[in-house]
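Coordinate analysis (summary)
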Amino acid sequence: MSKRGTAGEGGEEIGILIPFPEARRETRAQNVSFERRELDQILRVYGRMVAANEWRDYAIDHLNDRAVFSVFRRTSETPLYQIVKDPQLARKQGAFSVVAAGGLVVKRGHELARVLGVFDKKLRVIHQA
């Protein structure tokens with residue numbers, strides 16, 4: 001990668017060489033974000049939980065190393081859950097995780113749909129007398 005500029009008197013073009021590690025640092029400086037399909041899946045679960053009157057608010061943070069979707073019962077409280085996308089863990093434990101309020105990782109995986117399965121209601125057997 002090189003930038004071109006003009007020299008002072010002769011008008012000759014000169015090239016400026018940028019070392020490869022610096023060029024990589026510049027591309028990594030972009031924030032991590034949720035893709036459209038990922039956000040669609042998350043908002044579908046969020047809508048279901050709002051309809052069940054369990055969640056009321058959310059916040060999205062796009063940080064340098066991860067993207068976080070936080071859900072709240074009330075705006076003034078700490079988040080009940082955080083849905084985290086961390087690309088650095090994509091090859092190891094999975095890029096997606098659900099973190100509870102205390103910092104406990106509830107579920108982690110490579111596929112967002114499976115990780116969001118934590119919020120699915122479990123069927124229960126009801127005995128009638």
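Above this text you will find the structure in question.
Let me begin by describing the structure that accompanies this report. Remember, predicted model here, so these are calculated numbers, not experimental data.

1. Details of helix H2 (residues 36-51)
Note: α-helices contain 3.6 residues per turn, so residues at a spacing of three or four share the same orientation. Its 16 residues give H2 an end-to-end C-alpha distance of 22 Å, which sits within 8% of 22 Å, the value for a rise of 1.5 Å per residue. Of the positions making up H2, those classed as buried are Glu38, Ile42, Val45, Tyr46 and Met49. Buried positions in H2, seen along its axis, are confined to an arc of 100° and lie on one side of it. Across from the buried face of H2, at angles greater than 90 degrees, the exposed residues are Arg36, Arg37, Arg44 and Ala51. Just beyond H2, the residue with positive phi is Asn53, at close to 65°.

2. Details of the pattern of salt bridges
Tallying each qualifying case throughout the model produces 5 salt bridges. Residue Asp40 pairs with Arg44 through a salt bridge whose shortest N-O separation is 2.5 Å. Of this pair, Asp40 and Arg44 both sit in helix H2, separated by 4 residues, roughly a single helical turn. One salt bridge in this structure joins Glu111 and Arg114, with 3.9 Å as the shortest N-O distance. Residue Glu111 is classed as partly exposed on the basis of its relative accessible area of 48%.

3. Brief notes about the sheet that holds strand S4 (residues 67-72)
Reading across from one edge, S3-S4-S5-S6-S7 is the order of the 5 strands in this open sheet, with antiparallel pairing throughout. The sheet is open, and its two borders are formed by strand S3 (57-62) and strand S7 (105-109), each paired with just one other strand. Mean inter-strand twist for the sheet, computed between neighbouring axes without regard to direction, equals 15°. Strand contacts of H2: S3, S4, strand S5 (81-85) and strand S6 (96-100), with the helix running at about 10° to S4, the strand carrying the most contacts.

4. Notes on the packing of aromatic side chains
Any pair of aromatic rings gets described here by the distance separating the centres and the angle formed by the planes. Tallying each qualifying case throughout the model produces 7 aromatic pairs. Each ring, one from Tyr46 and one from Tyr58, has its centre 5.0 Å from the other, and the planes form 70°; the classification is edge-to-face. Highlighted residues: Tyr46 in helix H2 and Tyr58 in strand S3, separated in sequence by 12 residues.

5. Quick word on the environment of Phe96
Along the chain, Phe96 turns up in strand S6. Given the relative accessible area of 7%, Phe96 is considered buried. Here the alpha-carbon distance between Phe96 and Val68, two residues 28 residues apart in the chain, equals 9.8 Å. Excluding anything up to four places from it in sequence, Phe96 contacts Glu38, Val84, Lys85, Lys107, Arg108, Gly109, His110, Glu111, Leu112 and Val115.

Calculation rules
Residues numbered from 1 in each chain as written. Predicted model: local features only at pLDDT ≥ 70, side-chain atom pairs only at ≥ 80, totals over all residues. Heavy atoms only, no water. Helix = DSSP H or I, 4+ residues; strand = E, 2+ residues; numbered from the N terminus. Expected span 1.5 Å × (residues − 1). Buried < 20%, exposed > 50% of the residue type's maximum accessible area, 1.4 Å probe, protein only. Arc of directions from axis to C-beta. Salt bridge = Lys/Arg side-chain N within 4 Å of Asp/Glu carboxyl O. Pairing = 2+ DSSP bridges. Axes fitted to C-alpha atoms, helices over the stretch in contact; angles between N-to-C directions. Contact = heavy atoms within 4.5 Å. Phe/Tyr/Trp six-rings, centres within 6.5 Å; stacked < 30°, edge-to-face > 60°.

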